[in-house]
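So you can see what is in the structure, the chains are spelled out below.
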Amino acid sequence: MALNHRFVTGTNLLSPTAFQQLRLDGALALLGEEESVSLPSAQTDAVARLQAIIDGLCDLSLRDPLTGTANRRHFDSVLDRELDRVARSGDVALLLMIDIDHFKQVNDQYGHNVGDAVLQQVAQALTGCVRPMDTLARYGGEEFAIVLPACQPAYGQNVADRVRRAVEALHIRIASGHEIKVTVSIGGAYALQWIRSTRKLWVERADQQLYVAKGAGRNRIEIEQQPDSTVTAEEKNLLFIPELTADTSTWSGDWIEVLAASTDSADGVN
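Residues numbered from 1 in each chain as written. Predicted model: local features only at pLDDT ≥ 70, side-chain atom pairs only at ≥ 80, totals over all residues. Heavy atoms only, no water.

Draft legend 1. Representation of the overall build of the protein chain. On a plain count of helices and strands, the protein chain comes out with 11 helices and 7 strands. Relative to its 270 residues, the protein chain shows a buried fraction of 38%. In the protein chain, once contacts between residues fewer than 6 apart in sequence are set aside, the share between residues at least 24 apart is 63%. Accessible surface, the protein chain: about 15,800 Å² in total, of which carbon and sulfur atoms supply 52%. (Helix = DSSP H or I, 4+ residues; strand = E, 2+ residues; numbered from the N terminus. Buried < 20%, exposed > 50% of the residue type's maximum accessible area, 1.4 Å probe, protein only. Contact = heavy atoms within 4.5 Å. Areas by Shrake-Rupley, 256 points an atom, 1.4 Å probe, with all protein chains shown as cover.)

Next up, the structure:
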């Protein structure tokens, strides 16, 4: 997000004096002391300092404060973007829904502070399993989600199993000196290729697989078989309507047949 240097006065750069008139205490409190200390000085470059504050707030608005993963706002935008990409390109994308097994028992037995520690360590383990192009988010409560663009069906099960094993291998120390272990159940679904689907339907399909995994004993993976939603070359050709002119000499045979069929169907209609 580029910042116009003339946005304060309309003609001059933001001066240190003008910067001091901005009420930024609340913004700096949100960023935290450590982040605030590292900001550029307003005396040497007020615009750079303000830009850094804006960038920091934007980053905070997209992250879950407990785990540091993407939050629902960010995740929803990623889902929409991937659905659009897959519908346009016919590429693949996998959505994994990940739920910590028996998490309520952890909270009930050890308290919510330990529950928070479990969430943080699970998030760290999941972060180590994804690529820079993937998006890991805390979806809600003890549930996480990962969007994996260009993840071919041949690799989806392996990726999900790497996630499952990474969490299973955790040894989470608690205040009493004991260690606890947790597992996750995972459900997955691929975005429909060449089809304009919705975020809600994609999540529901992955959630259905998650329920199957939990019902089958937990600490396991269920991924929906990728639906066959490919289109033929002829079907792709029909997606692009030729310019409607009187001269049909350059039209493909497909479109001539389509128009002829529509004309025939209109015969006899008053």
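The structure having been displayed, the exposition proceeds.
Draft legend 2. The side chain of aspartate 134, seen in detail. Along the polypeptide, aspartate 134 turns up in the loop between α7 (112-127) and β2 (135-140). One polar contact links aspartate 134 to arginine 131, side chain to side chain, over a distance of 2.6 Å. Leaving out residues up to four positions away in the same chain, aspartate 134 has contacts with Ile146, Val147, Leu148 and Pro149. (Polar contact = N/O pair within 3.5 Å; in protein donor to acceptor, adjacent residues only side chain to side chain.)

Draft legend 3. Examining the sheet that holds strand β7 (residues 221-223) more closely. Ordered by their spatial adjacency, 5 strands build an open sheet running β2-β3-β1-β6-β7, and the pairing between neighbours is mixed. The open sheet terminates on both sides in strands that have one partner only, identified here as β2 and β7. In this sheet, neighbouring strand axes are inclined to one another by 20° on average, regardless of whether the strands run parallel or antiparallel. Of the pairings in the sheet, the one linking β2 to strand β3 (residues 143-149) comprises 5 bridges and is antiparallel in character. From the neighbouring strand, alanine 137 faces β3, where its bridge partner is alanine 145. The strands that helix α9 (residues 199-215) touches are β1 (93-100), β2, β3, β6 (184-190) and β7; relative to β6, the one it contacts most, it runs at about 145°. (Pairing = 2+ DSSP bridges. Axes fitted to C-alpha atoms, helices over the stretch in contact; angles between N-to-C directions.)

Draft legend 4. Structural detail: the packing of aromatic side chains. Counting across every chain of the model gives 1 aromatic pair. Aromatic side chains phenylalanine 75 and tyrosine 139 sit 6.1 Å apart centroid to centroid with 80° between the ring planes, which places their arrangement in the edge-to-face category. With phenylalanine 75 in helix α5 (residues 72-89) and tyrosine 139 in strand β2, this pair connects stretches of sequence that are 64 residues apart. The buried category is assigned to phenylalanine 75, whose relative accessible area is 0%. Residue tyrosine 139 is classed as buried on the basis of its relative accessible area of 17%. Of note, arginine 72 hangs over the ring of tyrosine 139, and the distance from its end group to the ring centre comes to 4.0 Å. (Phe/Tyr/Trp six-rings, centres within 6.5 Å; stacked < 30°, edge-to-face > 60°. Lys NZ or Arg CZ within 6 Å of the ring centre and 35° of its normal.)

Draft legend 5. Focus on the side chain of aspartate 101. Summarising the element assignment, aspartate 101 is placed in the loop between β1 and α6 (103-110). We classify aspartate 101 as buried; its relative accessible area is 3%. A polar contact of 3.0 Å, which involves the side chain of aspartate 101, links it to the backbone nitrogen of asparagine 219.

Draft legend 6. Summary view of the pattern of salt bridges. The final tally for this structure, using the stated rule, is 18 salt bridges. For aspartate 64, the salt bridge goes to arginine 138, with nearest N and O atoms at 3.5 Å. Of this pair, aspartate 64 sits in the loop between α4 (46-61) and α5 while arginine 138 sits in strand β2, and the two are 74 residues apart along the sequence. A residue is classified by how much of its surface remains accessible, and arginine 138, at 18% relative accessible area, is buried. Where arginine 220 meets glutamate 222, a salt bridge forms, and the shortest distance between an N and an O atom there is 3.4 Å. With a relative accessible area of 21%, glutamate 222 lands in the partly exposed category. One continuous salt-bridge network, built from bridges that share partners, spans Arg72, Asp76, Asp80 and Arg199. (Salt bridge = Lys/Arg side-chain N within 4 Å of Asp/Glu carboxyl O.)

Draft legend 7. Structural detail: helix α8 (residues 153-168). Taking 1.5 Å per residue as the helical rise, α8 with its 16 residues ought to reach 22 Å, and the 23 Å between its terminal C-alpha atoms agrees with that figure. Where α8 is buried, its residues contact β1, α7, β3, β6 and β7. (Expected span 1.5 Å × (residues − 1).)

Draft legend 8. Local environment of the nonpolar core. Residues Ile98, Ile100, Val118, Val122 and Phe144 are the most contacted members of the largest nonpolar core, which totals 32 residues. Within the residue set of this core, elements represented by two or more residues are β1, α6, α7, β3, α8 and β6. A total of 7 residues in this core trace back to one element, the largest contributor, which is α7. Apart from residues lying up to four places away in sequence, isoleucine 98 is in contact with Leu126, Glu142, Glu143, Phe144, Ile146, Val163, Val184, Ser185 and Ile186. (Core = buried A, V, L, I, M, F, W, Y, C linked by side-chain atoms within 4.5 Å.)

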